[in-house]
Amino acid sequence: KSGELPFHVLRRGGLSDSAAIAAIRASSASLNPRKVPAGLPITIKSEAADSAPSEVVFQLGVDRVLRIKRDGVVWAAESPHVHACHKVCPRPPEA
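First things first, this report covers the structure right here in the doc. (Residues numbered from 1 in each chain as written. Predicted model: local features only at pLDDT ≥ 70, side-chain atom pairs only at ≥ 80, totals over all residues. Heavy atoms only, no water.)

1. A short note on the environment of serine 46
- Checked against the element boundaries, serine 46 lands in strand E1 (residues 42-46).
- Here serine 46 falls in the partly exposed class, since its relative accessible area comes to 36%.
- With 32 residues separating them in the primary sequence, serine 46 and glycine 14 have C-alpha atoms 9.5 Å apart.
- With residues near it in sequence (within four places) discarded, serine 46 still touches Ser51, Ala52, Pro53 and Ser54.
- Of note is the side chain of serine 46, whose polar atom sits 3.3 Å from the backbone oxygen of serine 51. (Helix = DSSP H or I, 4+ residues; strand = E, 2+ residues; numbered from the N terminus. Buried < 20%, exposed > 50% of the residue type's maximum accessible area, 1.4 Å probe, protein only. Contact = heavy atoms within 4.5 Å. Polar contact = N/O pair within 3.5 Å; in protein donor to acceptor, adjacent residues only side chain to side chain.)

2. Quick word on helix H2 (residues 17-27)
- Considered for burial, the residues of H2 that qualify are Ala19, Ala20, Ala23, Ile24 and Ser27. Seen from one end, H2 has its buried residues packed into an arc of 135 degrees, which puts them on one side. Opposite the buried face of H2, at more than 90 degrees from it, the exposed residues are Ser18 and Arg25.
- Where H2 is buried, its residues contact helix H1 (6-12), strand E3 (64-71) and strand E4 (74-78). (Arc of directions from axis to C-beta.)

3. Topic: the environment of valine 73
- Structurally, valine 73 is set in the loop between E3 and E4.
- Counting along the chain gives 19 residues from valine 73 to serine 54, while the straight-line C-alpha distance between them is 9.5 Å.

4. Description of the pairing of E3
- The sheet contact formed by strand E2 (residues 53-61) and E3 spans six bridges and is antiparallel. Counted as the bridge partner of glutamate 55 is lysine 69 from E3.
- Between the antiparallel neighbours E2 and E3 lie two residues.
- Sheet analysis places E3 next to E4, joined by five bridges and oriented antiparallel. The residue of E4 that forms the bridge with lysine 69 is alanine 76.
- Where E3 folds back onto E4 in an antiparallel hairpin, the turn is made up of two residues, including glycine 72, whose phi is positive at roughly 75 degrees. (Pairing = 2+ DSSP bridges.)

Structure, rendered in structure tokens:
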């Protein structure tokens, strides 16, 4: 829903209250949850159809995504680079 806070989007996507809070805290270095623009694409993924969500992807821009991944109960952020061809790479290409 447009204008919805990330916490509510994550809750609707299947994360528990504590998991949603942990994911938002993990993203706080790259994303201010109170200043998320309306319409920002957010993708929530699970390892298996019947499991709890294990990854949240914020499409911050055409060339920038923010991935938050769960390992057990710990959520951690990583910001892969997106090249001009829109191929997502876990780190910048080596020069």
